[in-house]
There are 2 protein chains.
Amino acid sequence: MGRWSEFVQIKEVGPRDGLQNEKQWLSTSDKVHWINTLSESGLTEIEYSSFVHPKWVPALADAHEVGRRIKRYPNVRYSALIPNMKGLELALDAGIDGASVFMSSSETHNQKNINKSIDETYPVLEEVIHEAKEAGKHVTGYVSTVFDCPYEGKVNPEQVLRVCDRLLDAGVDDLSLGDTIGTAVPAQVDQLLGKMLKNFPGEKLIMHFHDTRGMAIANIMRSMEHGIARFDSSIGGLGGCPFAPGAAGNVATNDVLYLLNGLGIKTGIDENKLQEAALYIQSKLGKSLPSKSLAYVASQS
Amino acid sequence: MGRWSEFVQIKEVGPRDGLQNEKQWLSTSDKVHWINTLSESGLTEIEYSSFVHPKWVPALADAHEVGRRIKRYPNVRYSALIPNMKGLELALDAGIDGASVFMSSSETHNQKNINKSIDETYPVLEEVIHEAKEAGKHVTGYVSTVFDCPYEGKVNPEQVLRVCDRLLDAGVDDLSLGDTIGTAVPAQVDQLLGKMLKNFPGEKLIMHFHDTRGMAIANIMRSMEHGIARFDSSIGGLGGCPFAPGAAGNVATNDVLYLLNGLGIKTGIDENKLQEAALYIQSKLGKSLPSKSLAYVASQS
């Protein structure tokens, strides 16, 4: 373990992972305005929506229209969550630079989340990955519950490795490893990354922490000590997981940026613009988001 | 930097540092019940109140009565915040095992907080330390703003070292180093502890983090990697600092315990009893406390 990278890339997942759990409807125009503001902040990747069937994620039922209407900034990769070929077709029509496929490393969570066994899931994703690569898109494989499963408890890193291997073989460009229920502590990061980094280069790995127990920033710090330089986060800490009982949202982009700025790590992100996007979504949803840095800044203005 | 200690000691400061910033009055009976519950959790030190003049900290105006009425558990050190000889007299009469004296490492914060320059503060504390030691009490020296000052910005570790040296010379048993405004990131922990540990043994040092920006757990993790094994925290994350604009409360004892349990570090603390004490004070104050672990557990019950 050593010194962290000089540059860290943050992928903003608020418009997808953050919003998907919201009960209230945010209008398409508001989403578009919000995503455009995020684009102006210097973020280099934004997951703008999900092409999962609206029956499952009603808050993002306008994914296609959002994709059509957002401004495309040349330095931003616009990606979306893609469950299957139907979703990919729609996403390609709406416009994506990146396709995110997803599955769990625990059997029960995979079954509850996508209604298939792990073995039944591979062929579905493999077809999507193949077609997305054919279309020249970047493909990220989300692997959920890499530390703990809400149904099965501790997940064996061997099982995570198996899923990751299979997705890389299928052609994903990188892997996002999710602490879906936000239970991990830094020793678990050591255990998992110790194993993963023996098998894959660190550049392939993105860490995706939820902050249910307030451990996410410590886990990011720990991941950076292992050389990881890519993280998913959600503006303001917006979010949760509908299929993981009690899980809180992703770690807040604002708090991650506070950490990285404090460490002198470059991100290319303008803190003020990010605050603007956070305050916008907070006011539209009419509730305080969990980010401590955001709450602090809001209390000062 | 290396492997952390097998045992970590948490000092519960909620009844003092947590409560001192509360606008609403918590009855003496409620305080006594709450502190007794904390005592039953296995905590080995509780700062039960402050003998600063009630004009400055009205929420703790009943310090003497609280001290008289709480049950004294044999394995708990009961300490209190002591500003001067008058406060020490009252505290000794109410009953204390430990006296906590305090000052800042930044001139302006010291002036605003205790209305004296740093040089004017030493003789006041030296007399208290001397008398408390004569009375056979444990004495801890709180040093505030060891990373950043709300008025002066970055604080030079040399200045922290000077204050710590002087307090140790005066006879304090240990030092609690405070990130009073909760702005530090782990690189600042490295910088300060790198310097401190060249001068003092780690056993003398307690770290005291506020969680204004959500960095406290990462900073505790980092401190443990430097061998620090003693931390101050406040149940539920209750608190703030009246003389440090915008500062949030101490890191939540619940979140610290979640981290330590996850790492397999012993604390002797019963999580359920701690939750009971947290839910009690939350219900008495009629508001949600910031601890994420507490919020999670409360959402599940």
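Because the structure is predicted, anything quoted here is derived from the model rather than measured.

So, how was this worked out
- Residues numbered from 1 in each chain as written.
- Chains lettered and ligands numbered in written order.
- Predicted model: local features only at pLDDT ≥ 70, side-chain atom pairs only at ≥ 80, totals over all residues.
- Heavy atoms only, no water.
- Axes fitted to C-alpha atoms, helices over the stretch in contact; angles between N-to-C directions.
- Helix = DSSP H or I, 4+ residues; strand = E, 2+ residues; numbered from the N terminus.
- Parallel < 35°, antiparallel > 145°, perpendicular 65-115°, else oblique.
- Contact = heavy atoms within 4.5 Å.
- Nonpolar A, V, L, I, M, F, W, Y, C, P; charged D, E, K, R; others polar.
- Least-squares fit on C-alpha atoms with pLDDT ≥ 70 in both.
- Pairing = 2+ DSSP bridges.
- Salt bridge = Lys/Arg side-chain N within 4 Å of Asp/Glu carboxyl O.
- Buried < 20%, exposed > 50% of the residue type's maximum accessible area, 1.4 Å probe, protein only.
- Buried area = accessible area lost by both parts, 1.4 Å probe.
- Polar contact = N/O pair within 3.5 Å; in protein donor to acceptor, adjacent residues only side chain to side chain.
- Phe/Tyr/Trp six-rings, centres within 6.5 Å; stacked < 30°, edge-to-face > 60°.
- Lys NZ or Arg CZ within 6 Å of the ring centre and 35° of its normal.

As for the packing of helix H11 (residues 271-285) of chain B against helix H12 (residues 292-300) of chain B
Residue and element names in this part refer to chain B.
- Look at H11 against H12: their axes get within 11 Å of each other, and the N-to-C directions meet at 90°. With respect to their mutual orientation, H11 and H12 come out roughly perpendicular. Where H11 abuts H12, its residues Gln275, Ala278, Leu279 and Gln282 lie against Ser293, Leu294, Val297 and Ala298.
- The class makeup of the residues in the contact of H11 with H12 is five nonpolar, three polar and no charged.

A look at the relation of the copies chain A and chain B
- Overlaying chain A with chain B gives an RMSD of 0.0 Å, the required rotation being 180° about an axis along which the chain moves by 0.0 Å. Both copies are brought into coincidence by an operation consistent with a two-fold rotation axis. Of every C-alpha in chain A, the one belonging to Ala218(A) sits nearest the axis of rotation, 2.0 Å from it.

Quick word on the sheet that holds strand E9 (residues 205-209) of chain A
All names here are of chain A.
- Around the barrel, which closes on itself, the eight strands sit in the order E1-E2-E3-E4-E5-E8-E9-E10 with parallel pairing between neighbours. Put simply, the sheet's adjacent strands are angled 25° from each other on average, direction ignored.
- When strand E1 (residues 9-12) meets strand E2 (residues 45-50), the two strands line up parallel, connected through two bridges. Looking across to E2, one finds that Glu12 is bridged to Ile46.
- Sheet strands touched by helix H5 (residues 107-114): strand E4 (98-104) and strand E5 (138-144). Its angle to E4, the strand with the most contacts, is close to 125°.
- With respect to the sheet, helix H8 (residues 186-199) is in contact with strand E8 (174-179) and E9, its orientation differing from that of E9 by roughly 160°.

Some points on the pattern of salt bridges
- Tallied over the entire structure, the rule returns 42 salt bridges over all chains.
- In this structure, the salt-bridge partner of Glu45(A) is Lys11(A), at a minimum N-O distance of 3.6 Å. Placement of the pair is Glu45(A) in strand E2 and Lys11(A) in strand E1, with a sequence separation of 34 residues. Of the two residues, Glu45(A) and Lys11(A), both sit in the buried class.
- Here Arg77(B) ties to Glu45(B) by a salt bridge, and the two come within 2.9 Å at their closest N and O atoms. Here Arg77(B) is found in strand E3 (residues 77-81), whereas its partner Glu45(B) is found in strand E2 (residues 45-50), with 32 residues between them in sequence.
- Taking relative accessible area as the criterion, Arg77(B) reaches 23% and is therefore assigned partly exposed.
- Owing to a relative accessible area of 3%, Glu45(B) belongs among the buried residues under this scheme.
- Linked by salt bridges that have partners in common, Lys11(A), Arg16(A), Asp17(A), Glu45(A), Glu47(A) and Arg77(A) make up one network.

Things to note about the interface of chain A and chain B
- Taken together, the 29 residues of chain A in the interface contact 29 residues of chain B.
- Roughly 2600 Å² of surface becomes buried between chain A and chain B when both sides are summed, with 62% attributable to carbon and sulfur atoms.
- The three residues of chain A that bury the most area against chain B are Arg213(A), Tyr258(A) and Lys292(A), which together make up 28% of that side's buried surface.
- The interface formed by chain A and chain B holds four salt bridges in total.
- Ionic pairing is found between Asp211(B) and Lys292(A), a salt bridge with its closest N-O pair at 3.1 Å.
- In this assembly, chain A and chain B are joined by six residue pairs in polar contact (both at pLDDT 80 or more).
- Its residues assigned to classes, the side of chain A that touches chain B comprises 15 nonpolar, seven polar and seven charged.

Here's the deal with the environment of Leu161(A)
- Assignment of secondary structure puts Leu161(A) in helix H7 (residues 157-170).
- Here the alpha-carbon distance between Leu161(A) and Trp56(A), two residues 105 residues apart in the chain, equals 28 Å.

Thoughts on the packing of aromatic side chains
Residue and element names in this part refer to chain A.
- The tally for this structure, following the rule as stated, stands at four aromatic pairs over all chains.
- Between the aromatic rings of Phe147 and Phe209, the centroid separation amounts to 6.1 Å while the plane-to-plane angle is 15°, which identifies the pairing as stacked. Linking Phe147 in the loop between E5 and strand E6 (148-149) with Phe209 in strand E9, this pair joins segments that are 62 residues apart in sequence.
- Overall, Phe209 belongs to the buried group, its relative accessible area being 1%.
- Sitting over the ring of Trp4, Arg3 keeps its end group 4.0 Å from the ring centre.

Focus: unusual backbone geometry
All names here are of chain A.
- Phi is positive for Asn115, which is not a glycine, with a value near 60°.
- Inspection of the secondary structure assignment puts Asn115 in the loop between H5 and helix H6 (118-134).
- Of note, the phi angle at Thr145 is positive, near 50°, even though the residue is not glycine.
- Take Thr145: it is sitting in the loop between E5 and E6.
- On the basis of relative accessible area, Thr145 is assigned to the buried category, the value being 0%.

Brief notes about the side chain of Thr180(A)
Residue and element names in this part refer to chain A.
- Mapped onto the fold, Thr180 is located in the loop between E8 and H8.
- Judged by its relative accessible area of 7%, Thr180 is buried.
- A polar side-chain atom of Thr180 sits 2.7 Å from the main-chain amide nitrogen of Thr145.

Some remarks on the sheet that holds E2(B)
Residues and elements named next belong to chain B.
- If you trace the eight strands once around the closed barrel, you get E1-E2-E3-E4-E5-E8-E9-E10, paired in parallel fashion. Neighbour-to-neighbour, the strand axes of this sheet turn through a mean angle of 25°, independent of strand direction.
- Both strand E9 (residues 205-209) and strand E10 (residues 230-233) contribute to a ladder of two bridges, which runs parallel. Paired with His208 across the two strands is Asp232, which belongs to E10.
- The strands touched by helix H9 (residues 216-225) within the sheet are strand E8 (174-179), E9 and E10, with E9 carrying the most contacts at an inclination of about 165°.

Details of the environment of Pro123(A)
- Counting through the fold element by element, Pro123(A) comes out in helix H6.
- As a C-alpha pair, Pro123(A) and Ala170(A) span 47 residues in sequence and 9.4 Å in three-dimensional space.

A few points about the pairing of strand E5 (residues 138-144) of chain B
Residues and elements named next belong to chain B.
- A large share of E5 lies buried, amounting to seven of its seven residues.
- Covered by surrounding structure in E5 are His138, Thr140, Tyr142 and Ser144 together with Val139, Gly141 and Val143, the residues of both alternating faces.
- Note that strand E4 (residues 98-104) and E5 share seven bridges and pair parallel. What sits directly across from Ser100, in E5, is Thr140.
- Bridge count for E5 against E8 is four bridges, and the pairing is parallel. What sits directly across from Thr140, in E8, is Asp174.

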